[in-house]
Amino acid sequence: MSSDETRHQNKEDLDALQSGRDGRVWTEFVDEVAIIRLDCGENRMNEHFLRELNRCLDEVLQHSHIKAVVTSGTNKFYSNGLDLNWMRELGGISTEDVATFIRKWNETLQRILQFPLPTVAAINGRDI
């Protein structure tokens, strides 16, 4: 099977780019491997990042021929942790909203740890 690169161009992606959130998370399929590219600048985790990552994981599961998943950053950062600037910009965010985001973050991490396919992190650059 040849390389079948899929980039997502839905309204949510365009809205995110236009609102100043840099980059996105996208999936590339090469033979029997899905490569999830983390392409959000420093790859700081915020709601947009988690939503995109989960969308890519869902997409991988739709391809029955895929045998493994690799995550990789596209720039000098694999991950720069939680997006504290984004959390600060939310201003009057309630304690419940912070707890909801942290729960979503933990659920995403657990999903990756328990993913039904072997998953490898190809860490390039910095990682927190």
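First, a word on scope: everything that follows refers to the structure included in this document. The model shown is predicted, which means the values in this text are computed figures rather than measured ones. One numbering rule holds for all chains: residues counted from 1, following each sequence as written. Given that this is a predicted model, residues contribute local features only at a pLDDT of at least 70 and side-chain atom pairs are listed and counted only at 80 or more, while totals for whole chains, interfaces and linings are drawn from all residues. Processing note: side-chain calculations cover all non-hydrogen atoms of the structure and skip hydrogens and water entirely.

1. Some remarks on the pattern of salt bridges
Should a side-chain nitrogen of Lys or Arg be within 4 Å of a carboxyl oxygen of Asp or Glu, the pair is scored as a salt bridge. What the rule picks out here adds up to five salt bridges. We note a salt bridge from Glu42 to Arg44, for which the minimum N-O separation is 2.5 Å. For Arg111, the salt bridge identified is with Asp58, shortest N-O distance 2.5 Å. Taken together, the residues span a long stretch of sequence, with Arg111 in helix H4 (residues 95–113) and Asp58 in helix H2 (residues 47–61) at a distance of 53 residues. Burial classes: relative accessible area under 20% of the type maximum marks a residue as buried, over 50% as exposed, and values in between as partly exposed (1.4 Å probe, protein chains only). On the basis of relative accessibility, which here comes to 23%, the residue Arg111 falls in the partly exposed class. By relative accessible area, Asp58 is classed as partly exposed at 38%. Segments assigned H or I by DSSP are reported as helices when at least four residues long, segments assigned E as strands when at least two residues long, and all are numbered from the N terminus.

2. Side note on the packing of H2 against H4
Throughout, an axis means a line fitted to C-alpha atoms (over the contacting stretch in the case of helices), and angles, computed between N-to-C directions, take values from 0 to 180 degrees. Running from N to C, H2 and H4 point in directions that differ by 30 degrees, and their axes come no closer than 11 Å. Here H2 lies roughly parallel to H4, going by the angle between them. Crossing of H2 against H4: the hand is left-handed. Listed contacts from H4 to Glu47, Leu50, Leu53, Asn54, Leu57, Asp58 and Leu61 of H2 are Phe101, Lys104, Trp105, Thr108, Arg111 and Ile112. The classification used treats Ala, Val, Leu, Ile, Met, Phe, Trp, Tyr, Cys and Pro as nonpolar, Asp, Glu, Lys and Arg as charged, and all other residues, Gly among them, as polar. Looking at the contact of H2 with H4 residue by residue, the class counts come to seven nonpolar, two polar and four charged. Any angle from 65 to 115 degrees is called roughly perpendicular, while one under 35 is roughly parallel, one over 145 is roughly antiparallel, and all others are oblique. Whether a crossing is left-handed or right-handed is set by the direction in which the near helix is turned from the far one by less than a right angle, anticlockwise for left-handed and clockwise for right-handed. Contacts: residue pairs with any heavy atoms within 4.5 Å of one another.

3. Points about unusual backbone geometry
At Asp31, a position not held by glycine, the phi torsion is positive, near 55 degrees. Following the sequence through the fold, Asp31 ends up in the loop between strand S2 (24–30) and strand S3 (33–39).

4. Section: the side chain of Glu28
Note that Glu28 resides in strand S2. Relative accessible area serves as the criterion here: at 11%, Glu28 is assigned to the buried category. What qualifies as a polar contact is a pair of N or O atoms within 3.5 Å, subject to a donor-acceptor requirement within protein and to the restriction that residues adjacent in sequence count only when both atoms come from side chains. Of the polar contacts made by the side chain of Glu28, one reaches the side chain of Arg37; its length is 3.0 Å.

5. Things to note about H2
What a helix is expected to span follows from its residue count: subtract one and scale by 1.5 Å. Under the 1.5 Å per step criterion, the end-to-end length of H2 is 21 Å for 15 residues, consistent within 8% with the ideal 21 Å. Burial within H2 is extensive, with 11 of its 15 residues counted as buried. If you check which residues of H2 are buried, you get His48, Phe49, Leu50, Glu52, Leu53, Asn54, Arg55, Cys56, Leu57, Glu59 and Val60. Between a side-chain oxygen at the N-terminus of H2 and the backbone nitrogen of His48 the separation is 3.1 Å; the capping residue is Asn46.

Functional significance is not addressed by these values, which are geometric in nature.
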